[in-house]
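Descriptive analysis of the structure
One letter stands for each residue in the lines below.
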Amino acid sequence: MQLEILKYPDPRLKEISKPVEEFGPKLHKLLDDMAETMYAANGVGLAAPQVAETIRAFVVDVEIEEGAPRKLMELVNPRFTQGEGKIVYEEGCLSVPGVTEEVTRKGKVKVEYQDRFGVKQELIAEGLLAVALQHENDHLDGILFVERLSPIRRRLTRKKMEKAMAL
Ligand code: CO
């Protein structure tokens, strides 16, 4: 089932999400619906708070090449344990339609998380996957990618966002 994606400036996007404690059918259904919603919107990631569920979980699939097999990843209660280097990538967000900006993030990250069954997992990511993981994790702390910009670019971007919202 496709879910409604909250859009900026919905105040719920600024909430801090709570850790997931139950790894049952309710969580599984939510993760399934989030993946369906992400694919339908042609996104590479979607965090639970973007669909009004303030829990620490997100889905990503950075296989953006047309025809490539899907490579869905589900991360629950993620925690970044290492980060190094730098990457600049032009990011967008399903909650901020019509706006893309270059954001600087860690180039390589290590993340500990749980899968949908609560089993502990760990992964090391670089490139677009590293970007997506950091972008989605920010959503769990109520942070949109535009807040990662310098103050001047943030101001300009905010104007673009307001214009995009008014259309
Ligand atoms: Co986003």
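Residues numbered from 1 in each chain as written. Predicted model: local features only at pLDDT ≥ 70, side-chain atom pairs only at ≥ 80, totals over all residues. Heavy atoms only, no water.

1. Concerning unusual backbone geometry
The peptide bond linking Tyr8 to Pro9 adopts the cis configuration, its omega dihedral lying at 0°. Here Pro9 is to be found in the segment before α1 (25–40). Even without being glycine, Asn42 reaches a positive phi, approximately 55°. Tracing the backbone through its elements, the reader meets Asn42 in the loop between α1 and β1 (45–47). (Helix = DSSP H or I, 4+ residues; strand = E, 2+ residues; numbered from the N terminus.)

2. Topic: the coordination of the cobalt ion
Those protein atoms acting as donors to the cobalt ion are Cys93 (SG), His135 (NE2) and His139 (NE2), and they sit at 2.1 to 2.2 Å. Between consecutive donors of the cobalt ion, the numbers of intervening residues give the motif C-x41-H-x3-H. Taken as a pair, Cys93 in the loop between β4 (87–91) and β5 (101–105) and His135 in helix α2 (residues 127–140) lie far apart in primary sequence, 42 residues in all. Neither Cys93 nor His135 differs from the other in exposure class; each is buried. (Donors = N, O, S within 2.8 Å, 3.2 Å for Na, K, Ca; no water. Buried < 20%, exposed > 50% of the residue type's maximum accessible area, 1.4 Å probe, protein only.)

3. Let's talk about the side chain of His139
Position of His139 relative to the elements: it lies in helix α2. At 3.3 Å, the side chain of His139 and the side chain of His135 are in polar contact. The residues contacting His139, other than those within four sequence positions of it, are Glu15, Ala47, Pro49, Gln50, Cys93 and Leu144. (Polar contact = N/O pair within 3.5 Å; in protein donor to acceptor, adjacent residues only side chain to side chain. Contact = heavy atoms within 4.5 Å.)

4. Points about the sheet that holds strand β7 (residues 120–126)
Strand order in the open sheet formed by 5 strands is β1-β2-β3-β6-β7, with antiparallel pairing between adjacent strands. The strands lining the two open edges of the sheet, one partner per strand, are β1 and β7. Mean inter-strand twist for the sheet, computed between neighbouring axes without regard to direction, equals 40°. Sheet topology places strand β6 (residues 108–114) next to β7; 7 bridges connect them, and they run antiparallel. Paired with Gln114 across the strands is Lys120, a residue of β7. Each of β1, β2 (57–60) and β3 (73–84) is contacted by α1, which is oriented at about 40° to β2, the strand it contacts most. Sheet strands in contact with α2 are β1, β2, β3, β6 and β7, and its direction is about 155° off that of β2. (Pairing = 2+ DSSP bridges. Axes fitted to C-alpha atoms, helices over the stretch in contact; angles between N-to-C directions.)

5. As for α1
The periodicity of an α-helix, 3.6 residues per turn, causes residues three or four positions apart to be oriented the same way. Between its first and last C-alpha atoms α1 spans 22 Å; for 16 residues at 1.5 Å apiece the expected length is 22 Å, and the two agree. If you check which residues of α1 are buried, you get Leu27, His28, Leu30, Leu31, Asp33, Met34, Ala35, Thr37, Met38 and Tyr39. Where α1 is buried, its residues meet β1, β2 and β3. (Expected span 1.5 Å × (residues − 1).)

6. Some words on the pattern of salt bridges
A side chain of one charge can pair with a side chain of the opposite charge when the charged atoms of the two come close. Taken as a whole and assessed by the stated rule, the structure comprises 12 salt bridges. Here Asp33 makes a salt bridge to Lys29, at a shortest N to O gap of 2.8 Å. Residue Asp33 and its partner Lys29 are both found in helix α1; the two are separated by 4 residues, about one turn of the helix. For Asp33, a relative accessible area of 5% translates into the label buried. Residue Lys29 is classed as partly exposed on the basis of its relative accessible area of 44%. A salt bridge links Asp138 to Arg105; the shortest N-O distance between them is 3.0 Å. Note that Asp138 is positioned in helix α2 and Arg105 in strand β5, a separation of 33 residues in sequence. With a relative accessible area of 7%, Arg105 lands in the buried category. Where salt bridges share partners, they join Glu91, Arg105, Asp138 and Arg148 into one cluster. (Salt bridge = Lys/Arg side-chain N within 4 Å of Asp/Glu carboxyl O.)

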